[in-house]
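As a plain string of letters, each chain reads:
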Amino acid sequence: MPPSTVYYNTRLDPRNYLDGPLSTNPATRLRQMLARPGIVVAPGVCDGISARCAIEAGFDCLYQSGAATTASRLGQPDLAIATINDFVTAAEMVCSLDVTMPVIADADTGFGGPTMIARTVTKYARAGVAGLHIEDQVQTKRCGHLLGKQVVSREEFVTRIRAAVLARDSIPGNSDFVIIGRTDSAQVLGMDEAIIRLKLAADAGADVCFIEGVKTKELLEHTVTCLAPKPVLVNVISGGLTPSFTTKDAEAMGAKIIIFSLASCVPMVHAVRAAMKSLKETGTDFAAARGMGPREFFEVMGLHEAVSLDAKAGGSAFVSI
């Protein structure tokens, strides 16, 4: 595909996803959700516990946050420390909990040049991820809501998107995997440049445009207008660069996807801190447990489903549990 070519794939036209029941294939399901009315709300999950809780709460899409994954798996800040293997291993686990649930996953910069980006797309798709986003920060990237970001050239960003699209289109079986182009350039080069970059990403085949760190309602609305009809994703982090838009706010502004990257891991810090403080001061975890025993905890983790499967298969190990 020559660099000047505007990508178009008849098979992936949103109009093809308007009708019919929601697919059990998570990537197809995500495309259906994008093509149909309503905003896609994806809470950030950081591990199996947070993913189980999000599913229990009734969400129909999940977001595997790079920052949250780095924190939960490595205990490290979001400074390009986690590797593709860290992210893919986490994604395989999250996607396995409900194989029809679309999971959008952070892929940072794609972890390298075009060949590595293609490998990233393939590995994410095999893990069961419905879509990923690739950004235009330099390889030594940081959380999009921190200061001091640096971005690559427009040309390198477009090359990253093009590599991801080519990889998706090379997956056997006509993959519906969703490619999301993210720019962090608004804080570095201004909103005009950010919109130009997202238009270039869309021309290269990005299915969704992700504007990181948009600071006002008016700027988000302007972004949506400039990129229409391409769907726009907005990332809300309490205390970050973007105001704390609600899902209704974001939908009214025209955003198609809203993610809450740290929705699970920040409350988790508060809860665990309080539990550890209580244990340290009182010598018991009774108060922190709030009446939840092992059985109740395992029920949140799918105990009934596991026991039921064992029984249907003819097993008897868990008749009494």
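The preceding data block contains the structure.
On a predicted model such as this, the values are computed, not experimentally measured, just so you know.

Participant: How should the overall build of the chain be read in this particular structure?
Facilitator: A tally of helices and strands in the chain yields 14 helices and eight strands. Taken over 321 residues, the chain has a buried fraction of 47%. Contacts spanning at least 24 positions in sequence make up 67% of the contacts within the chain whose residues lie at least 6 apart. Accessible area of the chain: about 15,300 Å², with a carbon and sulfur share of 58%. The average position of the 31 basic charges and that of the 33 acidic charges among the side chains of the chain differ by 2 Å.

Participant: Would you mind going over a nonpolar patch on the surface with me for this structure?
Facilitator: A grouping of Ile 49, Met 292, Phe 297 and Phe 298 is seen on the molecular surface, where their side chains present a nonpolar patch of about 350 Å² in accessible area. Tracing the backbone through its elements, the reader meets Phe 298 in helix 13 (residues 294-300).

Participant: What's the story with the pattern of salt bridges in this structure? I'm lost.
Facilitator: Note on pairing: side chains with opposite charge can pair once their charged atoms come close. According to the stated counting rule, one finds 18 salt bridges in the structure shown. Between Glu 281 and Lys 277 there is a salt bridge, and its shortest N-O distance comes to 2.8 Å. Separated by four residues within a single helix, Glu 281 and Lys 277 lie in helix 11 (residues 265-282), roughly one turn from each other. Judged by relative accessible area, which is 56%, Glu 281 ranks as exposed. Notably, a salt bridge pairs Glu 299 with Arg 295, separated by 3.4 Å at the nearest N-O pair. On the criterion of helical spacing, the pair formed by Glu 299 and Arg 295 is a turn pair, its members being four residues apart in helix 13.

Participant: Sorry, what's going on with the packing of helix 2 (residues 48-57) against helix 4 (residues 84-97) here?
Facilitator: To characterise two packed helices, one gives the angle between the axes of the helices and the distance between these axes. Where helix 2 meets helix 4, the axes come as close as 10 Å, and the angle between the chain directions of the two elements is 30°. Accordingly, the angle class assigned to the pair helix 2 and helix 4 is roughly parallel. With respect to the hand of their crossing, helix 2 and helix 4 are arranged in right-handed fashion. Judged by residue contacts, Gly 48, Ala 51, Arg 52 and Ile 55 of helix 2 engage Met 93, Val 94 and Leu 97 from helix 4. Grouping the constituent residues of the contact of helix 2 with helix 4 by class yields five nonpolar, one polar and one charged.

Participant: What's the story with the nonpolar core in this structure? I'm lost.
Facilitator: A general trend in soluble globular proteins is that nonpolar side chains are found buried together. Leu 62, Val 121, Tyr 124, Val 129, Leu 132, Ile 161 and Phe 177 are the most contacted members of the largest nonpolar core, which has 39 residues in total. Contributions of two or more residues to this core are made by helix 2, helix 4, strand 3 (103-106), helix 5 (114-127), strand 4 (131-135) and helix 6 (154-170). Looking at this core, the element that brings in the most residues is helix 6, giving seven residues. When residues no more than four places from it in sequence are discounted, the contact partners of Tyr 124 are Phe 87, Val 88, Ala 105, Asp 106, Ala 107, Phe 111, Val 129, Leu 132 and Phe 177. Grouped together as the second largest cluster of nonpolar side chains are 21 residues, Val 41, Met 191, Ala 202 and Ala 255 included.

Participant: Teacher, can you tell me more about the pairing of strand 1 (residues 40-45) here?
Facilitator: Each regular strand displays side chains that alternate between the two surfaces of the sheet. Counting buried residues along strand 1, six of its six residues qualify, which places the element largely inside the surrounding structure. Along strand 1, one buried face is formed by Val 40, Ala 42 and Gly 44 and the opposite face, lined by Val 41, Pro 43 and Val 45, is buried too. In this structure, strand 1 lies alongside strand 8 (residues 257-260), joined through four bridges in parallel fashion. By the bridge assignment for strand 8, Val 41 is matched with Ile 258. Bridge count for strand 1 against strand 2 (residues 62-64) is two bridges, and the pairing is parallel. Looking at strand 2, one finds that Gly 44 is bridged to Tyr 63.

Participant: Looking at this structure, how should I read the pairing of strand 5 (residues 178-183)?
Facilitator: For strand 5, a buried count of six out of six residues is recorded, marking the element as mostly surrounded by other parts of the structure. Of the two faces of strand 5, the one lined by Val 178, Ile 180 and Arg 182 and the one lined by Ile 179, Gly 181 and Thr 183 are each fully buried. Handedness of the crossover is the feature at issue here: the chain leaves strand 4, passes through helix 6, returns alongside strand 5, and the resulting connection is right-handed. Note that strand 5 and strand 6 (residues 208-211) share four bridges and pair parallel.

Participant: Is there a simple way to think about helix 11 in this case?
Facilitator: Residues that lie three or four places apart on an α-helix share one face, since the helix turns once every 3.6 residues. Between its terminal C-alpha atoms helix 11 stretches 25 Å, which fits the 26 Å expected from 18 residues at 1.5 Å a residue. Note on helix 11: the residue one or two positions beyond its end, Gly 283, has a positive phi of about 80°.

Participant: Help me understand the sheet that holds strand 3, please; the structure alone is not making it clear to me.
Facilitator: Backbone hydrogen bonds are what pair the strands of a sheet, in a parallel or an antiparallel way. With parallel pairing, eight strands are arranged side by side around a closed barrel as 1-2-3-4-5-6-7-8. When the angles between neighbouring strand axes are averaged without regard to direction, this sheet yields 25°. In the sheet, strand 4 pairs with strand 5 via five bridges, with the strands oriented parallel. Following the sheet pairing, His 133 is matched in strand 5 by Ile 180.

Participant: So what exactly am I meant to see when it comes to the environment of Gly 44 here?
Facilitator: Position of Gly 44 among the secondary structure elements: in strand 1. Given a relative accessible area of 2%, Gly 44 falls into the buried group. Along the sequence, Gly 44 and Gly 66 sit 22 residues apart, while their C-alpha atoms lie 9.3 Å from each other. Among all residues touching Gly 44, those that are not within four sequence positions of it are Tyr 63, Phe 260, Ser 261, Ala 263 and Ser 264.

The rules behind these values
- Residues numbered from 1 in each chain as written.
- Predicted model: local features only at pLDDT ≥ 70, side-chain atom pairs only at ≥ 80, totals over all residues.
- Heavy atoms only, no water.
- Helix = DSSP H or I, 4+ residues; strand = E, 2+ residues; numbered from the N terminus.
- Buried < 20%, exposed > 50% of the residue type's maximum accessible area, 1.4 Å probe, protein only.
- Contact = heavy atoms within 4.5 Å.
- Areas by Shrake-Rupley, 256 points an atom, 1.4 Å probe, with all protein chains shown as cover.
- Lys, Arg positive; Asp, Glu negative; His and termini not counted.
- Charge placed at Lys NZ, Arg CZ, Asp CG, Glu CD.
- Patch = residues over 30% accessible without salt bridge, like charges linked within 9 Å, V, L, I, M, F, W, Y side chains within 5 Å.
- Salt bridge = Lys/Arg side-chain N within 4 Å of Asp/Glu carboxyl O.
- Axes fitted to C-alpha atoms, helices over the stretch in contact; angles between N-to-C directions.
- Parallel < 35°, antiparallel > 145°, perpendicular 65-115°, else oblique.
- Left-handed = near helix turned anticlockwise from the far one by under 90°.
- Nonpolar A, V, L, I, M, F, W, Y, C, P; charged D, E, K, R; others polar.
- Core = buried A, V, L, I, M, F, W, Y, C linked by side-chain atoms within 4.5 Å.
- Pairing = 2+ DSSP bridges.
- Right-handed = clockwise from strand over helix to strand, strands pointing away.
- Expected span 1.5 Å × (residues − 1).

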